[in-house]
Amino acid sequence: MKSLREFLQTIRVEHTIFALPFAYATLFLAERGWPSASNALWITVAMVAGRTVGMAANRVIDAEVDARNPRTASRSIPAGRLRLSRAIGFTLVALAVFVLAVWHLQPVCRRLWPLVVAALVAYPYAKRVTPLAHLLLGLVYFMVPTSVWLAVTGELSTASVLLGVGAALWVAGFDIIYACQDVDVDRREGLHSIPADFGVARGLAIAFGFHLAFVACLLTAGWILDVGSWYYIGVALTTLLLGYEHRLVKPHDLSKVNAAFFTTNGIVSIALFALIALDTVV
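Cut-offs and rules
Residues numbered from 1 in each chain as written. Predicted model: local features only at pLDDT ≥ 70, side-chain atom pairs only at ≥ 80, totals over all residues. Heavy atoms only, no water. Helix = DSSP H or I, 4+ residues; strand = E, 2+ residues; numbered from the N terminus. Rg over C-alpha atoms; globule rule 2.2 N^0.38 Å. Buried < 20%, exposed > 50% of the residue type's maximum accessible area, 1.4 Å probe, protein only. Contact = heavy atoms within 4.5 Å. Core = buried A, V, L, I, M, F, W, Y, C linked by side-chain atoms within 4.5 Å. Expected span 1.5 Å × (residues − 1). Arc of directions from axis to C-beta. pLDDT = per-residue confidence, 0-100. Axes fitted to C-alpha atoms, helices over the stretch in contact; angles between N-to-C directions. Parallel < 35°, antiparallel > 145°, perpendicular 65-115°, else oblique. Left-handed = near helix turned anticlockwise from the far one by under 90°. Nonpolar A, V, L, I, M, F, W, Y, C, P; charged D, E, K, R; others polar. Phe/Tyr/Trp six-rings, centres within 6.5 Å; stacked < 30°, edge-to-face > 60°. Polar contact = N/O pair within 3.5 Å; in protein donor to acceptor, adjacent residues only side chain to side chain. Patch = residues over 30% accessible without salt bridge, like charges linked within 9 Å, V, L, I, M, F, W, Y side chains within 5 Å. Areas by Shrake-Rupley, 256 points an atom, 1.4 Å probe, with all protein chains shown as cover. Salt bridge = Lys/Arg side-chain N within 4 Å of Asp/Glu carboxyl O.

**Considering the overall build of the protein chain**
So, point 1. What the protein chain contains, in helices and strands, is 13 helices and zero strands.
So, point 2. The order of α-helices and β-strands along the protein chain, N terminus first, is α-α-α-α-α-α-α-α-α-α-α-α-α.
So, point 3. Computed over C-alpha atoms, the radius of gyration of the protein chain comes to 19 Å, within 12% of the 19 Å expected from 2.2 N^0.38 for 282 residues, which places it in the range of a compact globule.
So, point 4. Principal-axis analysis of the C-alpha atoms places the extent of the protein chain at approximately 50 × 40 × 30 Å.
So, point 5. Residues counted as buried form 54% of the 282 residues belonging to the protein chain.
So, point 6. Taking the intrachain contacts of the protein chain between residues at least 6 apart in sequence as the baseline, contacts between residues at least 24 apart amount to 72%.

Given below as structure tokens:
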């Protein structure tokens, strides 16, 4: 149990809050109202298990790099509180749960789940070869709305693809902001990120552009789906929160990165889901 607690702490299981609201918002949009209990249950299980696989793989693959980074050296694996073999074991259990959940959704999901897993574990490797690794992390979130839409309807839609592109740009943008903390370590270790390769100021500008495009995707998807006013209130609130996020972080002042990354984005995901769900219900 101690190892399990350390594992849940190192994967920051509470940060599943970033992905789950996007899945639930898509679920409400796909079913045009309250979703079925079965879809809600198995999509929740798949999301939590899949996110666990991706985050745990990141921690396992980057264990040696984390040990040499003062910001991450205290994490459970590099600090020695969680054995690597046990972390891998828990990851395999999460993978089994993910596959079980997929098998309770539309048959097409059973053929595509290996692609999702490949995307989940590719991010730490991508950082070793390209500064565009943020977009690979975004690909994982692109799969959230599109996979949920497939799981519910058995087919893709233009709106779900736009929601997926928006989610990808949102995540890639705030991952760039987060990476600003590790510019010196990444350069020393030969790792790539947009801030490390092109500078913090340019990185923040690119993140801002990604977030503007995210808002544009939300607006376009809403127009296609012929949504109501609550949806657009959610988009407006999201825009304000993202603007606040970018005011918190400056090229020469990264002291508020955690407030921008964790707090603001958590509020964005929950508020957007709540207002989209309200729109579909009323």
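After presenting the structure, the write-up continues.
**Some points on the nonpolar core**
So, point 1. Judged by nonpolar contacts, the single largest core of 73 residues is most densely connected at Leu29, Ile43, Trp170, Phe214 and Tyr231.
So, point 2. The dominant element in this core, judged by the number of residues it contributes, is helix H8 (residues 158-179), at 12 residues.
So, point 3. If you look at the next biggest cluster of nonpolar residues, it comprises eight residues, including Ile11, Ala56, Val60 and Ala87.

**What to know about helix H5 (residues 84-102)**
So, point 1. Between its first and last C-alpha, H5 extends 27 Å over 19 residues, near the 27 Å set by a 1.5 Å rise per residue.
So, point 2. Among the residues making up H5, those that are buried are Ala87, Thr91, Ala94, Phe98, Ala101 and Val102. For H5, the angular spread of buried residues about the axis comes to 95 degrees, placing them on one side.
So, point 3. In the core, the buried residues of H5 are packed alongside helix H1 (2-10), helix H3 (37-61) and helix H6 (107-126).

**Comments concerning the confidence of the model for the protein chain**
So, point 1. Confidence along the protein chain averages 89 in pLDDT terms, with 99% of residues attaining 70 or more.
So, point 2. Per-element mean pLDDT across the protein chain ranges from 78 in H1 up to 96 in helix H11 (residues 200-225).

**Observations regarding the packing of H6 against helix H7 (residues 133-153)**
So, point 1. It is the contact of H6 with H7, at a shortest axis distance of 8 Å, that shows an interaxial angle of 160 degrees. Considering their axes alone, H6 and H7 lie roughly antiparallel with respect to each other. For the pair H6 and H7, the sense of crossing is left-handed. Note on element contacts: H7 touches H6 through Ala133, His134, Leu136, Leu137, Leu139, Val140, Met143, Leu150 and Ala151, opposite Val108, Cys109, Leu112, Leu115, Val116, Ala119, Leu120, Ala122, Tyr123 and Ala126.
So, point 2. Across the contact of H6 with H7, the residue classes tally to 18 nonpolar, one polar and no charged.

**Remarks on the packing of aromatic side chains**
One pair of aromatic rings is described through two measures. These are the centre distance and the angle between the planes.
So, point 1. Overall, the coordinates contain eight aromatic pairs when judged by the stated rule.
So, point 2. Ring geometry for Tyr24 against Phe273: centres 5.7 Å apart, planes inclined by 50 degrees, an arrangement best described as tilted. Remark: Phe273 occurs in helix H13 (residues 257-281) and Tyr24 occurs in helix H2 (residues 20-31); sequence separation between them is 249 residues.
So, point 3. Every member of this aromatic cluster is reached through a ring pair, and the members are Phe22, Trp170, Phe174 and Phe214.

**Some details on the side chain of Asn39**
So, point 1. Structurally, Asn39 is set in helix H3.
So, point 2. A distance of 2.9 Å separates polar atoms of two side chains, one belonging to Asn39 and the other to Glu31.
So, point 3. The residues touching Asn39, leaving out its near neighbours within four places in the chain, are Leu27, Glu31, Leu105, Ala151 and Val152.

**Considerations on a nonpolar patch on the surface**
So, point 1. Nonpolar side chains collect at one region of the surface, where Trp34, Trp230, Ile233, Leu278, Val281 and Val282 lie side by side and expose about 610 Å² of accessible area between them.
So, point 2. With respect to the element layout, Val281 can be found in helix H13.

**What about the environment of Leu272?**
So, point 1. Relative to the helices and strands, Leu272 resides in helix H13.
So, point 2. Sequence separation between Leu272 and Ser36 is 236 residues, and the spatial gap between their C-alpha atoms is 20 Å.
So, point 3. Residues contacting Leu272, with those up to four places away along its chain left out, are Phe22, Phe214, Leu218, Gly234, Val235 and Thr238.

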